[in-house]
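# Tertiary structure, described
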Amino acid sequence: MTITALSVPPTDTEIDHWWAVLAAARTADLPGTAPPSRTEVAGALRVPSVRGRSLYWATEEAVASLVLFTDGTNDHTAFLDELTVRPDARRRGVGAALWERAREELLADGRTSVATEADLGGAGQAFAESVGFENVLSMAWYAQDVREARWAQGARAAKEGAAPTPPGYELHCWPGPVPDAWARAAAVAHGAMEDAPSGELDQRIQTWTPERLHAAQRKILDRGGALTTVAAVTPDGEVAAYTELVLPDPAGPRALQYDTVVVPAHRGHGLGRTVKLRMLAEAATRHPDLRTIATSVADDNTPMLAVNAALGYRRERGVGYFQLRL
């Protein structure tokens, strides 16, 4: 078995191989769920993480990627972003060989832990546990049918009257990066993610700055994706709540709802539901071919689970953050 590092930047042939492995695995492991598009795969390989040094390896049957964080806060840990083996090549030691290559890199770089994400009950969980990973944060993916949601919200609005924005707040919508004038306030609001459930995950929350916020948002666009932020703001210029919608491939049928955050001082006013409803309307207008919005939520994040249930999100599958102490 030959393990090779991808070229920098990767060639079209390398991208096609990576895409084929992921598509085969997704089709086998999650029937009925569309695999990532080539645009999404190419973007992820050509534009590395802004949080650290990205490494990519491949064999004829499998692919793996690792992010060694260099953000000054998490330089002790890393994230195994991908380790996927084609279904017809599993249980032959291919995944173990790629993991050993990644482990050697982790130890050589002085890392003391590594995390990864895997679907619960699937091949990813079984492999992760076989090499010593433990589930430190149980979550689940939830999905909303945009067309069904539009119909349901429209019917409810016609019956009950459209829900107004809570008094004292104004909604702003920002396609692409948050405007410079709002970047500092938005970065402060991102800091409210510190109290989101994180289990025993060894990653620490890094301080958000306008520069870091814009770098993360530009990465999405540089990878070929689309980004929209909806925020509830106060008269004195504070971002009280926000939600982000990302289309990894703007031509694709599926979007990801990234963070939805309500700053602690502004909770209890329905702002989480308000920004999500506005985002749904924006998505329907800006992306008419969009069919599904998916998001992941920790099992013990009761407030967000309640908001999502009220908006029609349905649980797709369980997922966990798995961690290994090296």
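Described below are features of the structure shown in this document.

Reading guide: rules and limits
Residues numbered from 1 in each chain as written. Predicted model: local features only at pLDDT ≥ 70, side-chain atom pairs only at ≥ 80, totals over all residues. Heavy atoms only, no water. Salt bridge = Lys/Arg side-chain N within 4 Å of Asp/Glu carboxyl O. Helix = DSSP H or I, 4+ residues; strand = E, 2+ residues; numbered from the N terminus. Buried < 20%, exposed > 50% of the residue type's maximum accessible area, 1.4 Å probe, protein only. Axes fitted to C-alpha atoms, helices over the stretch in contact; angles between N-to-C directions. Parallel < 35°, antiparallel > 145°, perpendicular 65-115°, else oblique. Left-handed = near helix turned anticlockwise from the far one by under 90°. Contact = heavy atoms within 4.5 Å. Nonpolar A, V, L, I, M, F, W, Y, C, P; charged D, E, K, R; others polar.

### What to know about the pattern of salt bridges
Using the criterion set out here, one finds 17 salt bridges in the structure. Its salt-bridge partner being R254, residue E316 comes within 2.9 Å of it at the nearest N-O pair. Taken as a pair, E316 in strand β12 (residues 314-325) and R254 in strand β10 (residues 254-262) lie far apart in primary sequence, 62 residues in all. In this structure, R278 and E282 form a salt bridge, with 2.8 Å as the shortest nitrogen-oxygen distance. With R278 and E282 both in helix α8 (residues 271-286), this residue pair falls four residues apart, about one helical turn. Under the relative-accessibility criterion, R278 is labelled partly exposed at 28%. Bridged by salt links that share partners, the residues R53, R101, E105, D109 and R111 form one connected network.

### Quick word on the packing of helix α1 (residues 12-29) against helix α2 (residues 38-46)
At a closest axis distance of 9 Å, the pairing of α1 and α2 adopts a crossing angle of 120°. The orientation of α1 relative to α2 falls into the category oblique. Pair α1 / α2 crosses with right-handed handedness. Contact residues: D12, I15, D16, W18, W19 and L22 in α1; R38, V41, A42, L45 and R46 in α2. Residues belonging to the contact of α1 with α2 are distributed by class as follows: seven nonpolar, no polar and four charged.

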